[in-house]
Amino acid sequence: MVVPGSGEDGEGRVAFPFVRTQAESMERAGWTVVYGVVDDRTSPSGVLRNAKKLQALTRRVQPSLIHAQYGSMTAALAAFVARSLPLVVSFCGDDLLGTPIATVKWKLRARAARLLGLLAAERAAAIVVKSQNLFETLPRRLRRRAIVLPNGVDTEWFRPLDHRACRLALGWDPEAKVVLFHPSRGEDRWRKNPALAQAAVEIVRRREPRVSLIMISDVTREEVRLMLNAADCLLVTSLQEGSPNMVKEAMACNLPVVSVPCGDVPLRLAHTRQGALCPYDSEALAHALSEVLRTCERSNGREQIYLQGLTASDIAVRLGEIYQQVLDREPAAAVGV
Amino acid sequence: MQTLNGIERQLLTLVSKRVNVAIETAEIDLIETGIMDSLALVDLLLQIENEFGVRIPLEELEIDDLKSVAELARVIVRERGK
């Protein structure tokens, strides 16, 4: 049973694409996946309602194990309902790292959420972290049960498509130079460091006025795929990350990535041609962007996704091995309280 | 066997520590007063299970059963008696 952080679409499906991608690839690998969605993590009564809902679902489907797809409240509720069932907890990024620039209230909440996730992880048979920097923030006693395993990319969906046709579909100017940026919302928006991205693009625009900075925001998965194929570059300026899915999805579409060294991006880009890793400096980023936009060549990112074992099916195999190890060690006891 | 008062005292210490607020009485409504938000509530329930060695039967409880130290103590006594 998979417990994602939150969110269902209108049809009751899990709204987080990366959770869906992982679950679908696990199903193709022979596992049966049932979602237990947490739709309220903020009010005490909503949390109690969700805990009851998860508990009832657990009783009904009698899963072999429970996998919380996020730390914080999601992991805690999963730990609560798991009882004697083996529990796997995934930490994704801000659930361990917090938010770099935020109000005091938000920072305190983020700290409490982190501690809650770690408390839940104490009950976990296995812990998955998406990148090495997340692994290093775990308390030492938890590291023994932890493994670094990024999310995989759905390479059937995110694949190279005709650049011009994608621009036409999106109604973009075929002659414009397009830089993509993936912003975030609320208190988390500062983590993506949009000011640095805007500053870098502004410098490029002085020399090349046709450059547009387009935000990947409020778009469908189909539109994301079109954008990654229609754009000329993805720009990443985040202050902190785990293993950003957007970078891997861009790579799968052979879109060049210009990024600061955050999360596992340096590892992903180490052997990727076109694109660059730059310091947190608008001039350096602008220089790298200009180089990419000058040639407008696609990258070898897709090849790297395969070489680095980051397709959804590669990751499903590795996650399946983790599940199996957990089940061999802790066979599921009778479900119940 | 720990008495209800003993459990309340132990819980008062635990709750005060977890929410960083000195809780004066067992009857104070932790949710209504905003002392305990959703994160603190789940954190406390996990801590209670660890410290008191009981399983909190969420499916049998309503939010009122979790709102104060006195109510939580009653839940622990009841679960220990099972």
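A. Spotlight on the overall build of chain A. When helices and strands are counted, chain A shows 15 helices and 10 strands. Residues counted as buried form 54% of the 337 residues belonging to chain A. Excluding contacts between residues fewer than 6 apart, the proportion of contacts in chain A whose partners are at least 24 apart in sequence is 66%. Put simply, chain A shows about 14,300 Å² of open surface, and 52% of that area lies on carbon and sulfur atoms.

B. Examining the environment of Ser25(A) more closely. All names here are of chain A. You can see serine 25 is positioned in helix α1 (residues 17–28). Each C-alpha atom, one on serine 25 and one on serine 313, is 5.7 Å from the other, the two residues being 288 residues apart in sequence. When sequence neighbours within four positions are dropped, the list of residues in contact with serine 25 reads Ala312, Ser313 and Ala316.

C. The packing of helix α5 (residues 104–121) of chain A against helix α2 (residues 38–52) of chain B, seen in detail. The contact between α5(A) and α2(B) brings their axes to 10 Å, and the two run at 30 degrees. Between α5(A) and α2(B), the interaxial angle falls into the category roughly parallel. As for how α5(A) packs across α2(B), the hand of that crossing is left-handed. The segment α5(A) lies against α2(B), with Arg109(A), Ala112(A), Ala113(A), Leu116(A) and Leu119(A) engaging Ser38(B), Leu39(B), Val42(B), Asp43(B), Leu46(B), Gln47(B) and Asn50(B). Taken together, the residues of the contact of α5(A) with α2(B) sort by class into seven nonpolar, three polar and two charged.

D. Representation of helix α11 (residues 245–252) of chain A. Residues and elements named next belong to chain A. Of all eight residues in α11, seven are buried; the element is thus mostly enclosed. If you check which residues of α11 are buried, you get Met246, Val247, Lys248, Glu249, Ala250, Met251 and Ala252. Following α11 by one or two positions, asparagine 254 has its phi on the positive side, about 60 degrees.

E. View of the confidence of the model for chain A. On average, residues of chain A carry a pLDDT of 91, and 94% of them reach 70 or more. Note that residues 333–337 of chain A has pLDDT below 50 and, in this model, 15 contacts with residues that lie over four places away or in other chains.

F. Highlighting the packing of helix α9 (residues 194–207) of chain A against helix α13 (residues 282–295) of chain A. All names here are of chain A. Two elements in contact, α9 and α13, have axes whose closest approach is 8 Å; the angle formed by their N-to-C orientations is 55 degrees. Here α13 runs oblique to α9, going by the angle between their axes. Crossing geometry of α9 relative to α13 is assigned as right-handed. Contacts between α9 and α13 involve Leu196, Ala199, Ala200, Val201, Ile203, Val204 and Arg207 from the former and Ser282, Glu283, Leu285, Ala286, Leu289, Ser290 and Leu293 from the latter. Here the contact of α9 with α13 is composed, by residue class, of 10 nonpolar, two polar and two charged.

G. Seen up close, the interface of chain B and chain A. In this assembly, 22 residues from chain B lie in contact with 27 residues from chain A. Together chain B and chain A conceal approximately 2,000 Å² of surface at their shared face, both sides included; 67% is due to carbon and sulfur atoms. Sorting the residues of chain B by area buried against chain A places Leu39(B), Leu46(B) and Leu58(B) first, and these three jointly supply 32% of that buried surface. The tally of links between chain B and chain A comes to four salt bridges.

Cut-offs used in this document
Residues numbered from 1 in each chain as written. Chains lettered and ligands numbered in written order. Predicted model: local features only at pLDDT ≥ 70, side-chain atom pairs only at ≥ 80, totals over all residues. Heavy atoms only, no water. Helix = DSSP H or I, 4+ residues; strand = E, 2+ residues; numbered from the N terminus. Buried < 20%, exposed > 50% of the residue type's maximum accessible area, 1.4 Å probe, protein only. Contact = heavy atoms within 4.5 Å. Areas by Shrake-Rupley, 256 points an atom, 1.4 Å probe, with all protein chains shown as cover. Axes fitted to C-alpha atoms, helices over the stretch in contact; angles between N-to-C directions. Parallel < 35°, antiparallel > 145°, perpendicular 65-115°, else oblique. Left-handed = near helix turned anticlockwise from the far one by under 90°. Nonpolar A, V, L, I, M, F, W, Y, C, P; charged D, E, K, R; others polar. pLDDT = per-residue confidence, 0-100. Buried area = accessible area lost by both parts, 1.4 Å probe. Salt bridge = Lys/Arg side-chain N within 4 Å of Asp/Glu carboxyl O.

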